[in-house]
Amino acid sequence: QVQLVESGGGLVQPGGSLRLSCVASGSIFSINTMNWYRQAPGKQRELVAAITSGGTTNYADSVKGRSTISRDNAKNTVSLQMNSLKPEDTAVYYCNADISTIRRRSFHNYWGQGTQVTVSS
């Protein structure tokens, strides 16, 4: 069984910073791309940032230049550093990853439970 657990969300003032973290646990054999998504009330879930196992990154235009995604392959973790936060960044942030397990070597997509980020004064 694979689990993704996020942490680091909270309430922050506009212009502030937050660092989200996600750890994958279980009988993991390999992790391919790791992603951060977000979903604001009344809106569709959207991709915020992605990072491949080799370290190639991709960002949504809305966060480019303000956010940095990173991962530690040895610890099965992915982080999202968000700076200059805006009220429109308010959303539930989800960790997502393509993971193969020791039992099933094919990759399957997994989601975390989400962590709330609220940007407000």
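Above: the structure in question.
All values derive from a computational prediction rather than experimental measurement. (Residues numbered from 1 in each chain as written. Predicted model: local features only at pLDDT ≥ 70, side-chain atom pairs only at ≥ 80, totals over all residues. Heavy atoms only, no water.)

Section: the state of the cysteines
Alright, step 1. On inspection of all chains with the given rule, the structure shows 1 disulfide.
Alright, step 2. With a sulfur-sulfur separation of 2.1 Å, Cys22 is cross-linked through a disulfide to Cys95. Taking the sign of the S-S torsion, about -80 degrees here, the bridge from Cys22 to Cys95 comes out left-handed. With a gap of 73 residues between them, Cys22 in strand 3 (residues 18-25) and Cys95 in strand 9 (residues 91-101) connect regions that are remote in the sequence. (Disulfide = S-S within 2.5 Å. Helix = DSSP H or I, 4+ residues; strand = E, 2+ residues; numbered from the N terminus.)

Thoughts on the environment of Thr56
Alright, step 1. Secondary-structure assignment places Thr56 in the loop between strand 5 (46-51) and strand 6 (57-59).
Alright, step 2. By relative accessible area, which is 53% here, Thr56 ends up exposed. (Buried < 20%, exposed > 50% of the residue type's maximum accessible area, 1.4 Å probe, protein only.)

Description of the environment of Leu18
Alright, step 1. You can see Leu18 is positioned in strand 3.
Alright, step 2. The exposure class assigned to Leu18 is buried, which follows from its relative accessible area of 14%.
Alright, step 3. When the C-alpha positions of Leu18 and Glu88 are compared, they lie 14 Å apart, and in sequence the two are 70 residues distant.
Alright, step 4. Discounting chain neighbours no more than four positions away, the residues touching Leu18 are Gly8, Gly10, Val12, Leu80, Gln81, Met82, Leu85 and Val117. (Contact = heavy atoms within 4.5 Å.)

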